[in-house]
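Results of the structural survey
Listed below, chain by chain, are the residues.
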Amino acid sequence: HVGNMCSAPVICHGKAQATLYQPSFWYIGHFSRYIRPGAHQVLSSTSRDVLEVTSFLNVDGKLAVVVMNQSEDNIEFWLKIADEKGQLSAAKVSAPGRSI
């Protein structure tokens, strides 16, 4: 740690010969499983203050949506997706408290 107050995904402690994997390491790994190289970020939004959302269109045409629930509560919401013709599809989903 050099005093910059950032959180590295992996911290190597030389004297103790230990490697510490921070939560961000696991998030990055999970995201990279679904958000593939060459993906483009696409417009997404939320109407719930406690939810953060971002979406990516992969080169194979598959959509990856990441939702983060900042609250302690389980939040149910509708995930709505428009196809290239503007037709909406929707699914009722839930995000457990403090989940991504």
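I will try to describe carefully the structure that is included in this document. Not measured: the values here are computed from a predicted model.

Quick look at the overall build of the chain now. Per the secondary structure count, the chain includes one helix and seven strands. Along its sequence from the N terminus, the chain presents helices and strands in the succession β-β-α-β-β-β-β-β. The C-alpha atoms of the chain give 17 Å as radius of gyration, which overshoots the globular expectation for 100 residues (13 Å, by more than 25%). Buried residues in the chain amount to 14% of all 100 residues. Of the contacts made within the chain by residues no fewer than 6 positions apart, 22% connect residues no fewer than 24 positions apart.

Right, let's get into the pairing of strand β1 (residues 10-13). In the case of a regular strand, side chains alternate between the two sheet surfaces. In this structure, β1 lies alongside strand β2 (residues 18-21), joined through four bridges in antiparallel fashion. Within the sheet, the bridge partner assigned to cysteine 12 lies in β2 and is threonine 19. Here β1 hands over to β2 after four residues, with glutamine 17 in that stretch at a positive phi of 50°.

Judged by nonpolar contacts, Leu51, Val67, Ile75, Phe77 and Ala95 together constitute the single largest core of five residues. If we skip the residues at most four places from it in the chain, valine 67 touches Leu51, Glu52, Val53, Phe77, Ser99 and Ile100.

Locating asparagine 69 in the fold gives a position in strand β5 (residues 63-69). Asparagine 69 sits in the buried class, given a relative accessible area of 2%. A polar contact is formed between the side chain of asparagine 69 and the side chain of serine 71, at a distance of 2.8 Å. Engagement of the side chain of asparagine 69 in a polar contact is seen with the backbone oxygen of alanine 95, the distance being 2.9 Å. The residues contacting asparagine 69, other than those within four sequence positions of it, are Val50, Leu51, Asn74, Ile75, Ala95, Pro96, Gly97, Arg98 and Ser99.

Conventions used here
The numbers attached to residues start from 1 for each chain and follow its sequence in the written order. Note on the predicted model: pLDDT of at least 70 is required for a residue's local features to be given, and 80 or more for side-chain atom pairs to be given and counted; whole-chain, interface and lining totals, by contrast, use all residues. Hydrogens and water are ignored here; the side-chain numbers use all heavy atoms of the structure. Counting from the N terminus, the helices are the DSSP runs of H or I reaching at least four residues and the strands are the DSSP runs of E reaching at least two. Radius of gyration means the value over C-alpha atoms here, while the globule rule gives 2.2 Å times the residue count to the 0.38 power. Working definition: with a 1.4 Å probe on protein chains only, accessible area under 20% of the residue-type maximum means buried, over 50% means exposed, and in between means partly exposed. We call two residues contacting when some pair of their heavy atoms lies within 4.5 Å. Between any two strands, pairing holds if DSSP finds at least two bridges. As used here, the term nonpolar core means buried Ala, Val, Leu, Ile, Met, Phe, Trp, Tyr and Cys residues forming a set that is joined through side-chain atoms within 4.5 Å. In protein, a polar contact requires one atom able to donate a hydrogen and another able to accept it; more generally it is a pair of N or O atoms within 3.5 Å, and residues adjacent in sequence count only if both atoms are side-chain atoms.

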